Amino acid sequence: MKNMNKLTALFFIALLFFSCGGKKNNSNSENIDAQVTYCNPLTDLDGKPITFGDPFILHASDGRFYMYGTSDYTFLDYKCYSSDDLVHWKNEGSCLIPQDNTWTTDVFWAPEVYERDGKYYMFHSSNWKNNPDKELENFRLGVAVADKPTGPFIEMYDEPIFDSKYPIIDANIYFAEDGRIYFYYSRCCYKHPVESELAAKLKKEGKADEIQESWIYGVEIKSDFSGIIGEPILLLCPPKTLADKQSSWEDLSALAGEGEAIRRWNEGSYLFKYGDTYYMMYSCNFWRGQHYAVGYATSKSPLGPFVKAKNNPVLEKNVDQGGKVYCTGHNMVLTLPNGDMYCVYHGRTAETDSITGDAKRVAFMDKMEILPNGELIVYGPTTEPQPAPIIR
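As the structure is a prediction and not an experimental result, all values here were calculated from the model.

Q: What am I meant to see in the pairing of strand S19 (residues 325-335) here?
A: Counting buried positions along S19 yields 10 of 11 residues, so the element is predominantly enclosed. Across 7 bridges, S19 lies against strand S20 (residues 341-349) in antiparallel orientation. Directly across from Tyr-326, in S20, lies its bridge partner Arg-348. Here S19 folds back onto S20, and the loop between the two strands holds 5 residues, one of which, Gly-339, carries a positive phi near 95°.

Structure below.
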């Protein structure tokens, strides 16, 4: 039966690829972009789903697109895929692997790559070798550099960017117009119990002794990425009160007992500017679970204060509405030269859970926009054919 299920899943993925990947009608070359489609989840040239958590796409100066992500489920390297059209993706292999002479050990998560002055810089997390207290989670953030977007990326320094004194992941960089560079990260839930009305409620009901939380911080970073400037500022955290409207979606995993512990998350931040407003997208709930979802907050400054949006969440599972997708989260925003915006994120479906064998996360990409009133809207998650992005 397991073999039959796998064959069924393989057939499903093949159908998606051949019906969506590169479909075009050459009878009208002027409208060819409108006739090319793609399907989620994104696939490689063999029609296999790209098993990335935390996907990130770089539009490089060579005109090509390069996608990086957490290599579910080994966490032992970073792979790279390239594309000319955001539809057909070539597997470029590993672009960074652990090396004995660096600060890293294992658990490589959430890479982001930026091109600056002919070099390519990868910000990422790993467990730090310096672990005298034998912490189970000893994540820090570092930066590696390469001459090509496909790597190989080599660690720039023999230590993390800075020692946060607690585990951190999900690096995100924002290059401001005034030349300043801002660095965002997520403090892990590990050993971070926080008092809240929900924590008190679950403790009273005998369901949890404590709730650990993940928080999002921001700080300015040095131009050579060798350290931070000033002290990190807390930007986003889960709601303190049950009356907070964000509680209705940010507390779902904690209420369901979903995950390895009773926890709440604000993580996976991505900052961009639209007009005079800074938008910070972020993810909540258990990172592999049903309720993982994306919201956003806005500010007039890159270091806040940020106000969470009333229309959160803007990306969440659709299985309750007859769709196929759940575990939608850790996104970035790809803005094309024509101004079109895409939300790049990971998700899961029953079909891809079956074909990947151990429920790996897979890469998705859906159209998004900022409405005239400032609201951020994501048109997803989708699995049906979508018009291919117009990249010219």
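Q: How should the environment of Arg-116 be read in this particular structure?
A: One can find Arg-116 in strand S6 (residues 109-116). Since its relative accessible area comes to 36%, Arg-116 is described here as partly exposed. Contact partners of Arg-116, with chain neighbours within four places excluded, come to Tyr-121 and Phe-175.

Q: Hey, could you run me through the sheet that holds strand S22 (residues 376-378) in this one?
A: If you walk across this open sheet you meet the 4 strands as S19-S20-S21-S22, and the pairing is antiparallel. Looking at the sheet topology across the chains shown, the edges are occupied by S19 and S22. Strand-to-strand, the axes of this sheet are offset by a mean angle of 30°, without reference to chain direction.

Q: How do you make sense of the pattern of salt bridges when you look at a structure like this?
A: Where charged atoms from two side chains of opposite charge approach closely, those side chains can pair. Per the stated rule, a full pass over the model turns up 18 salt bridges. With a closest N to O distance of 3.2 Å, Lys-273 and Glu-177 form a salt bridge. Remark: Glu-177 occurs in the loop between strand S10 (168-175) and strand S11 (181-187) and Lys-273 occurs in strand S15 (residues 267-274); sequence separation between them is 96 residues. What emerges from the salt-bridge pattern is a single network uniting Arg-140, Asp-163 and Lys-165.

Q: What is the right way to read the side chain of Ser-164 from this model?
A: Structurally, Ser-164 can be placed in the loop between strand S9 (154-155) and S10. A polar side-chain atom of Ser-164 sits 2.5 Å from the main-chain carbonyl oxygen of Tyr-166.

Q: What am I meant to see in the packing of aromatic side chains here?
A: One pass over the full model with this rule turns up 23 aromatic pairs. Taken together through their ring pairs, the aromatic side chains of Phe-56, Tyr-114, Tyr-121, Phe-123, Phe-175 and Phe-225 make up a single cluster. One cation-aromatic arrangement involves Arg-116 over Phe-175; the distance from NZ or CZ to the ring centre is 3.9 Å.

What counts as what
- Residues numbered from 1 in each chain as written.
- Predicted model: local features only at pLDDT ≥ 70, side-chain atom pairs only at ≥ 80, totals over all residues.
- Heavy atoms only, no water.
- Buried < 20%, exposed > 50% of the residue type's maximum accessible area, 1.4 Å probe, protein only.
- Helix = DSSP H or I, 4+ residues; strand = E, 2+ residues; numbered from the N terminus.
- Pairing = 2+ DSSP bridges.
- Contact = heavy atoms within 4.5 Å.
- Axes fitted to C-alpha atoms, helices over the stretch in contact; angles between N-to-C directions.
- Salt bridge = Lys/Arg side-chain N within 4 Å of Asp/Glu carboxyl O.
- Polar contact = N/O pair within 3.5 Å; in protein donor to acceptor, adjacent residues only side chain to side chain.
- Phe/Tyr/Trp six-rings, centres within 6.5 Å; stacked < 30°, edge-to-face > 60°.
- Lys NZ or Arg CZ within 6 Å of the ring centre and 35° of its normal.

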